[in-house]
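# Coordinates in review
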Amino acid sequence: EVQLVESGGGLVQPGGSLRVSCAASGFTFSSYVMSWVRQAPGKGLEWVSVMDSSGDRTSYADSVKGRFTISRDDFKNTLYLQMNSLKPEDPATYYCAKSWSPSPDWAFCDYWGQGTQVTVSS
C-alpha cells in the first residue's frame, strides 16, 4: 500500500523559512517522480514543484521559483520542500504526491499524502 506522510508544517513569520518532509512507503520511491502541490484556504489545488526519479530534473511554479527547493533522499525514502522567503500568499496545506509524469501539473499525481499545514503570519 502506497503511503505518503507529510510533516514539518507550522507557523512562520513572513520572510522566514520552513522545511516540510514527506515519508514514503509501499513503493520503490527511488523509481518515481515526486511532486509538491498546495491548496490555500478556499482555493483550488496549485502545483508547486516536481522532481524526476533521478533527482536531476526539477521544475517550479513561477510563484515559488527562486524561493522553494525540492529535494529527495532515496535512502530515507523521503521528499523535502525547503521554503525560504515565505510570503503572505504561501499559506496552504502542502501535499506531497507520487507522480507518473514530470509534467508541471497536479493532474499527473496518482497518490497523495494527507497534507501538512503551513501558516505565514507575523
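A brief structural summary.

What follows deals with the overall build of the protein. Assigned secondary structure in the protein consists of zero helices and 11 strands. Tracing the protein from N to C terminus, the helices and strands come up as β-β-β-β-β-β-β-β-β-β-β. The C-alpha atoms of the protein give 13 Å as radius of gyration, which agrees with the globular expectation for 122 residues (14 Å, within 12%). Seen through its principal axes, the protein has C-alpha atoms that stretch 40 × 25 × 25 Å. Taken over 122 residues, the protein has a buried fraction of 43%. For the protein, the share of sequence-separated contacts (at least 6 apart) that also reach a separation of at least 24 residues comes to 54%. Taken as a whole, the protein presents about 6,100 Å² of accessible surface, with 47% of it coming from carbon and sulfur. Of note, the protein has its 10 positive side-chain charges centred 5 Å away from the centre of its 12 negative side-chain charges.

This next bit is on the environment of threonine 119. Within the fold, threonine 119 resides in strand S11 (residues 116–120). Leave out the neighbours within four places in its chain, and threonine 119 touches Gly10, Leu11, Val12 and Pro91.

We now examine the packing of aromatic side chains. Here the structure, examined in full by the defined rule, presents five aromatic pairs. On the numbers, 6.1 Å between centres and 75° between planes, the contact of tyrosine 95 with tryptophan 112 is edge-to-face. Of the two residues, tyrosine 95 sits in strand S9 (residues 92–99) while tryptophan 112 sits in strand S10 (residues 109–112), which places them 17 residues apart along the sequence. The partly exposed category is assigned to tryptophan 112, whose relative accessible area is 30%. Of note, lysine 98 hangs over the ring of phenylalanine 27, and the distance from its end group to the ring centre comes to 5.9 Å. One Lys or Arg, lysine 98, reaches over the ring of tyrosine 32 and ends 4.2 Å from the middle of that ring.

Glancing now at the pairing of strand S5 (residues 45–51). The buried fraction of S5 is high, at five of seven residues. Here six bridges tie strand S4 (residues 33–39) to S5, and the two strands are oriented antiparallel to one another. By the bridge assignment for S5, valine 37 is matched with tryptophan 47. Counting the residues that bridge the hairpin from S4 to S5 gives five residues, and of these glycine 42 lies at a positive phi of roughly 75°. Pairing of S5 with strand S6 (residues 58–60), which is carried by three bridges, proceeds in the antiparallel orientation.

Reading the values: rules and limits
- Residues numbered from 1 in each chain as written.
- Predicted model: local features only at pLDDT ≥ 70, side-chain atom pairs only at ≥ 80, totals over all residues.
- Heavy atoms only, no water.
- Helix = DSSP H or I, 4+ residues; strand = E, 2+ residues; numbered from the N terminus.
- Rg over C-alpha atoms; globule rule 2.2 N^0.38 Å.
- Buried < 20%, exposed > 50% of the residue type's maximum accessible area, 1.4 Å probe, protein only.
- Contact = heavy atoms within 4.5 Å.
- Areas by Shrake-Rupley, 256 points an atom, 1.4 Å probe, with all protein chains shown as cover.
- Lys, Arg positive; Asp, Glu negative; His and termini not counted.
- Charge placed at Lys NZ, Arg CZ, Asp CG, Glu CD.
- Phe/Tyr/Trp six-rings, centres within 6.5 Å; stacked < 30°, edge-to-face > 60°.
- Lys NZ or Arg CZ within 6 Å of the ring centre and 35° of its normal.
- Pairing = 2+ DSSP bridges.

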